[in-house]
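Spelled out, the chains give:
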Amino acid sequence: MRPATNRFMFLACTVAAFIAVSTFSACAKNPQPQERPTTGSAVKAPAVKGKAFEYQVGDYRLRLTFLEENTVHWEYLSAPNGLTGKNATETIDSTPIRDDVLLVAWKEADGTQVLDVLDLGRMVIYPNFVTANGERNSSHAEMRQVK
């Protein structure tokens with residue numbers, strides 16, 4: 001290696017180390033997540049607690065029931081391969097996108113990761129999930145409120 005290259009590498013490593021130390025130092029001083037700045041009015045989460053919605057995607061007919069703000073119960077009302085009746089209660093994370101659109105996400109016991117977007121204004125659901133073996137699925141369907 002030429003001496004100029006050595007000096008460049010030393011300088012690059014020094015800058016990278018400085019950035020890493022500065023970042024760690026900032027995190028250590030303020031470990032709490034920062035509030036995101038907002039523009040305009042804050043988005044109000046749609047009220048879904050106590051409500052249930054049904055929809056169909058392919059051969060699967062499902063019901064989502066929001067038991068609490070952070071809990072959903074899902075059930076296959078009809079499904080192929082003997083899966084009718086399969087159900088679970090999940091702890092969810094939710095994020096309001098608009099006053100009538102809610103993103104909900106959870107991880108199921110088998111490792112499946114679910115991310116659904118509910119458009120309550122248009123009564124459309126966008127269910128998305130990745131199975132434990134990495135298979136990705138995405139769709140959309142009309143939904144109806146049943147409770």
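Refer to the structure above for everything that follows.
Remember, it's a predicted structure, so these values are computed and weren't measured experimentally.

Once that is clear, we can look at unusual backbone geometry. If a residue is not glycine, its phi is most likely negative; likewise, a peptide bond is most likely trans. Phi angles above zero are rare outside glycine, and Asn81 is one such case at about 60°. Along the chain, Asn81 falls in the loop between β3 (71–78) and β4 (87–91). The phi dihedral of Met123 falls on the positive side, at around 55°, and the residue is not glycine. With respect to the helices and strands, Met123 occurs in the loop between β7 (113–119) and β8 (124–130).

With that out of the way, let us pick up the nonpolar core. Among the nonpolar cores identified, the biggest contains 19 residues, and Tyr55, Leu64, Phe66, Val104, Trp106, Leu118 and Ile125 are the most heavily contacted of them. Counting residues per element, the ones that place at least two in this core are β1 (52–57), β2 (60–68), β3, β6 (101–107), β7 and β10 (141–145). In contact with Ile125, not counting residues within four places along its chain, are Tyr55, Leu64, Asp116, Val117, Leu118, Ser139, His140, Ala141 and Met143.

Pairing geometry for β1 and β10, over three bridges, is antiparallel. By the bridge assignment, Phe53 is partnered in β10 with Gln145. Bridging between β8 and β10 involves two bridges; their strand directions are antiparallel. In the strand pairing of β10, Ile125 is matched with Ala141.

Bringing the pattern of salt bridges into the picture now. Taken as a whole, this structure holds seven salt bridges when the rule is applied. In this structure, the salt-bridge partner of Glu54 is Arg63, at a minimum N-O distance of 2.4 Å. Taking relative accessible area as the criterion, Arg63 reaches 28% and is therefore assigned partly exposed. Linking Arg98 and Asp100 is a salt bridge whose minimum nitrogen-to-oxygen distance equals 3.4 Å. One network of salt bridges, in which partners are shared, links Glu54, Arg61, Arg63 and Arg144.

A regular strand carries its side chains on alternate faces of the sheet. Counting buried residues in β3 gives six out of eight residues, a clear majority hidden from the surface. Across seven bridges, the pairing between β2 and β3 is antiparallel. Each residue of the ladder has a partner; that of Arg61, found in β3, is Ser78. Taking the residues between adjacent antiparallel strands as the criterion, β2 and β3 are bridged by two residues. The pairing of β3 with β4 spans five bridges and is classified as antiparallel. Looking at β4, one finds that His73 is bridged to Thr89.

Rules of the game
- Residues numbered from 1 in each chain as written.
- Predicted model: local features only at pLDDT ≥ 70, side-chain atom pairs only at ≥ 80, totals over all residues.
- Heavy atoms only, no water.
- Helix = DSSP H or I, 4+ residues; strand = E, 2+ residues; numbered from the N terminus.
- Core = buried A, V, L, I, M, F, W, Y, C linked by side-chain atoms within 4.5 Å.
- Buried < 20%, exposed > 50% of the residue type's maximum accessible area, 1.4 Å probe, protein only.
- Contact = heavy atoms within 4.5 Å.
- Pairing = 2+ DSSP bridges.
- Salt bridge = Lys/Arg side-chain N within 4 Å of Asp/Glu carboxyl O.

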